[in-house]
Amino acid sequence: MYLVLLAWGYVVVMMSIAEALSPQGTVLGAFFTLLLYGVGPMALAVYLMGTPLRRKARRRQEAATAPGSDAPDGRTEPPAVAQEPRISPVREEP
């Protein structure tokens, strides 16, 4: 895709040069040709092509900063050592 952007940039630069050197053209017209046919659409294309990468980076960053992201139960503290229960559980009759 970057090859397409490079080729489009070349075409737009050639259009701008032709506009600037033409007897009916102006340098201001060449500038706006370069801006509106080249920089604007290419910036939009690069932004849209980078969307999946930005989304991945944002998810990775959210996962890294989420509290308790490593523990399956969501706790941030390590589990305590298992101890014997001091009070025996009481079973209720149904």
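The model shown is predicted, which means the values in this text are computed figures rather than measured ones.

Conventions and cut-offs
- Residues numbered from 1 in each chain as written.
- Predicted model: local features only at pLDDT ≥ 70, side-chain atom pairs only at ≥ 80, totals over all residues.
- Heavy atoms only, no water.
- Helix = DSSP H or I, 4+ residues; strand = E, 2+ residues; numbered from the N terminus.
- Buried < 20%, exposed > 50% of the residue type's maximum accessible area, 1.4 Å probe, protein only.
- Contact = heavy atoms within 4.5 Å.
- Areas by Shrake-Rupley, 256 points an atom, 1.4 Å probe, with all protein chains shown as cover.
- Expected span 1.5 Å × (residues − 1).
- Arc of directions from axis to C-beta.
- pLDDT = per-residue confidence, 0-100.
- Bend = angle between axes of the 7 residues up to and from the residue.

A. Looking closely at the overall build of the protein chain. Within the protein chain, the regular secondary structure consists of 3 helices and 0 strands. Seen in sequence order, the protein chain has helices and strands lined up from the N terminus as α-α-α. Looking at the 94 residues of the protein chain, the share that counts as buried comes to 13%. Once local pairs closer than 6 in sequence are excluded, the contacts in the protein chain between residues at least 24 apart make up 34%. Working note: accessible area of the protein chain is about 8600 Å², and carbon and sulfur atoms make up 66% of it.

B. Quick look at helix α1 (residues 2-21). Its 20 residues give α1 an end-to-end C-alpha distance of 29 Å, which sits within 8% of 28 Å, the value for a rise of 1.5 Å per residue. Leu 5, Gly 9, Val 12 and Ser 16 are the residues of α1 that are buried. Axial view of α1: buried residues confined to an arc of 70 degrees, hence all on one face. For α1, the exposed residues lying more than 90 degrees away from the buried face are Leu 3, Val 4, Leu 6, Tyr 10 and Leu 21. Next to the buried residues of α1 lie α2 (27-49).

C. Broad picture of the confidence of the model for the protein chain. On average, residues of the protein chain score 83 in pLDDT, and 78% of them reach the 70 mark or higher. Across the protein chain, the element-wise mean pLDDT spans from 86 in helix α3 (residues 51-65) up to 93 in α1.

D. Structural detail: α2. A rise of 1.5 Å per residue sets the reference length of α2, with its 23 residues, at 33 Å; its end C-alpha atoms lie 31 Å apart and thus fit the reference within 8%. At Leu 35, α2 is deflected by roughly 30 degrees, the largest bend along its length. Taken together, the buried positions of α2 are Gly 29, Ala 30, Thr 33, Gly 38 and Ala 45. Turning to α2, the residues buried within the fold contact α1.

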